Amino acid sequence: MEKDKKYKILIVDDDEHICQLLVLYLQRDGFDAECCHDGETALSMLSATAYDAAVLDVMMPGLDGFEVLSELRKSSNLPVIMLSARGEPTDKISGLNRGADDYITKPFEPQELIARIRAVMRRFQPADDTKSVTLFNLCVNLTDFTVTLNGEKIDMPPKEIELLYMLAKTPMHVFTRDELLKSIWGQSYSGDSRTVDVHIKRVREKLGDNPHWQLTTVWGVGYKIEVF
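Model, not experiment: these values are computed from the prediction.

## Section: the pairing of strand β6 (residues 132-135)
Turning to step 1, where the next piece is worked out: With burial as the criterion, only one face of β6 is covered, namely that bearing V133 and L135; the residues S132 and T134 on the opposite face remain uncovered.
Turning to step 2, where the next piece is worked out: Relative to strand β7 (residues 138-141), β6 is paired through four bridges, and the arrangement is antiparallel. Residue pairing across strands places L135 opposite L138, the latter belonging to β7.
Turning to step 3, where the next piece is worked out: Between the antiparallel neighbours β6 and β7 lie two residues, among them F136 with a positive phi of about 55 degrees.

Right, dumping it as structure tokens:
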């Protein structure tokens, strides 16, 4: 995994004690951890924040963990570990078939869960250090700060390229203006959040309309690259 990065984990469990315990252990281990207690809230948080992995309890009020996972997999390959008090093979098979990356039964040792989180996240890390992403006819490369569309180079300043790279490497994920601002301009940036809007507008003008993807505004939330 990338050194010095503080990975963000979402814990979803209707047992508040388990949530608090896991958040405490994860924070002690260097993670940035948050929790919620039902499936609807989980989906809302997952669509609004760029998490690096999620831990989903199976048995929850409203949407259960399997339903949350099925909905999440429509637009994201986020690493997910299922938690369940039921250890029957059929439950594990159901979770894995729906797209879970691992499945652990209660009771469990928090350090074992943390080890499993690290293991599934390692599988999602790129094999090399090349900072580039290709999305259909678009290629964004942070190694040499170039953008090509349909094989032709598009002139963009560094901040626009960084913004486009962040959106393109996680298509369908909605990033808030705050997340984009802090990630690209830095935590100490004290300027207006409308800076993001201005840069998004310029990027759109340069890329135009595309048949397979589009830079989309999610009103009241932020921006995403939507694929068709």
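## A closer look at the pairing of strand β4 (residues 80-84)
Turning to step 1, where the next piece is worked out: β4 sits mainly inside the fold: five of its five residues count as buried.
Turning to step 2, where the next piece is worked out: With burial as the criterion, each face of β4 is covered, one bearing V80, M82 and S84 and the other bearing I81 and L83.
Turning to step 3, where the next piece is worked out: As judged from the four bridges shared by strand β3 (residues 53-57) and β4, these two strands associate in the parallel manner. Paired with D57 across the bridge in β4 is L83.
Turning to step 4, where the next piece is worked out: Tracing the backbone out of β3, into helix α3 (residues 65-72) and back to the parallel element β4 gives a crossover that is right-handed.
Turning to step 5, where the next piece is worked out: Pairing analysis gives four bridges linking β4 to strand β5 (residues 102-105), with the strands arranged parallel. Of the residues in β5, the one forming a bridge with S84 is T105.

## Brief notes about the pattern of salt bridges
Turning to step 1, where the next piece is worked out: For the structure shown, the criterion picks out twelve salt bridges.
Turning to step 2, where the next piece is worked out: Here D178 ties to K182 by a salt bridge, and the two come within 4.0 Å at their closest N and O atoms. A residue pair is termed a helical-turn pair when its members lie 3 or 4 positions apart in one helix, as D178 and K182 do in helix α7 (residues 177-185) at four residues.
Turning to step 3, where the next piece is worked out: By relative accessible area, which is 42% here, K182 ends up partly exposed.
Turning to step 4, where the next piece is worked out: Salt bridges sharing common partners tie together K8, D32 and E34.

## Section: the nonpolar core
Turning to step 1, where the next piece is worked out: One finds L164 and L167 to be the most contacted residues of the largest nonpolar core, which totals 29 residues.
Turning to step 2, where the next piece is worked out: When residues of this core are traced back to their parent elements, those giving at least two are β6, β7, β8 (146-149), α6 (158-168), α7, α8 (194-207), β11 (213-218) and β12 (222-227).
Turning to step 3, where the next piece is worked out: With seven residues, α6 is the largest single contributor of residues to this core.
Turning to step 4, where the next piece is worked out: If you look at the next biggest cluster of nonpolar residues, it comprises 21 residues, including C19, V23, A33 and I81.

## What to know about the environment of N137
Turning to step 1, where the next piece is worked out: Mapped onto the elements, N137 comes out in the loop between β6 and β7.
Turning to step 2, where the next piece is worked out: With relative accessibility at 18%, the residue N137 sits in the buried group.
Turning to step 3, where the next piece is worked out: Taking the C-alpha atoms as reference, N137 lies 5.1 Å from N150; in sequence the two are 13 residues apart.
Turning to step 4, where the next piece is worked out: Residues in contact with N137, not counting those within four places in the same chain, are T148, L149, N150, N210 and W213.

## Overview of the packing of α6 against α7
Two quantities define a packed helix pair, namely the angle between the helix axes and the distance between the axes.
Turning to step 1, where the next piece is worked out: Relative orientation of the contacting elements α6 and α7 amounts to 125 degrees, with a least axis distance of 10 Å. Taken together, the axis directions place α6 and α7 in an arrangement best described as oblique. The handedness of the crossing between α6 and α7 is right-handed. Here K159, E162, L163, M166 and L167 of α6 come into contact with α7, specifically with E179, L180, S183, I184 and W185.
Turning to step 2, where the next piece is worked out: By residue class, the composition of the contact of α6 with α7 is six nonpolar, one polar and three charged.

## As for unusual backbone geometry
Turning to step 1, where the next piece is worked out: Here the amide bond leading from K106 into P107 is cis, since omega sits at -5 degrees, within 30 degrees of zero.
Turning to step 2, where the next piece is worked out: Assignment of secondary structure puts P107 in the loop between β5 and α5 (110-122).
Turning to step 3, where the next piece is worked out: A positive phi angle, near 55 degrees, is found at F136, a position not held by glycine.
Turning to step 4, where the next piece is worked out: On the secondary structure map, F136 appears in the loop between β6 and β7.
Turning to step 5, where the next piece is worked out: Judged by relative accessible area, F136 falls into the partly exposed class, the value being 47%.
Turning to step 6, where the next piece is worked out: With phi around 80 degrees, M172 is a residue other than glycine that occupies positive phi space.

Criteria and cut-off values
Residue positions are given per chain, counted from 1 along the sequence in the order it is written. pLDDT decides what is reported in this predicted model: residues at 70 or higher carry local features, side-chain atom pairs at 80 or more are listed and counted, and totals for whole chains, interfaces and linings draw on all residues regardless. Heavy atoms from the whole structure form the basis of all side-chain values; hydrogens and water molecules are not counted. Think of it in three bands: residues with accessible area under 20% of the maximum for their type are buried, residues over 50% are exposed, and the middle band is partly exposed, with areas taken using a 1.4 Å probe on protein chains only. Runs of E in the DSSP output that reach at least two residues are strands. Runs of H or I that reach at least four are helices, and both are numbered from the N terminus. A pair of strands is labelled paired if DSSP reports no fewer than 2 bridges between them. Clockwise travel from the first strand over the helix to the second, with the strands pointing away from the viewer, marks a crossover as right-handed. Just to be clear on terms, a salt bridge is a Lys or Arg side-chain nitrogen sitting within 4 Å of an Asp or Glu carboxyl oxygen. Each nonpolar core is a collection of buried residues, namely Ala, Val, Leu, Ile, Met, Phe, Trp, Tyr and Cys, held together in the definition by side-chain atoms within 4.5 Å. Contacts are assigned to residue pairs with any non-hydrogen atoms lying within 4.5 Å of each other. With axes taken as lines fitted to C-alpha atoms, and helix axes fitted only over the stretch in contact, angles between N-to-C directions fall between 0 and 180 degrees. Working rule for angles: under 35 degrees goes down as roughly parallel, over 145 as roughly antiparallel, 65 to 115 as roughly perpendicular, anything else as oblique. Each crossing gets its hand from how the near helix is turned against the far one by less than a right angle, where anticlockwise is left-handed and clockwise is right-handed. By the convention adopted, Pro, Cys, Tyr, Trp, Phe, Met, Ile, Leu, Val and Ala count as nonpolar, Lys, Arg, Asp and Glu as charged, and the other residues, Gly among them, as polar.

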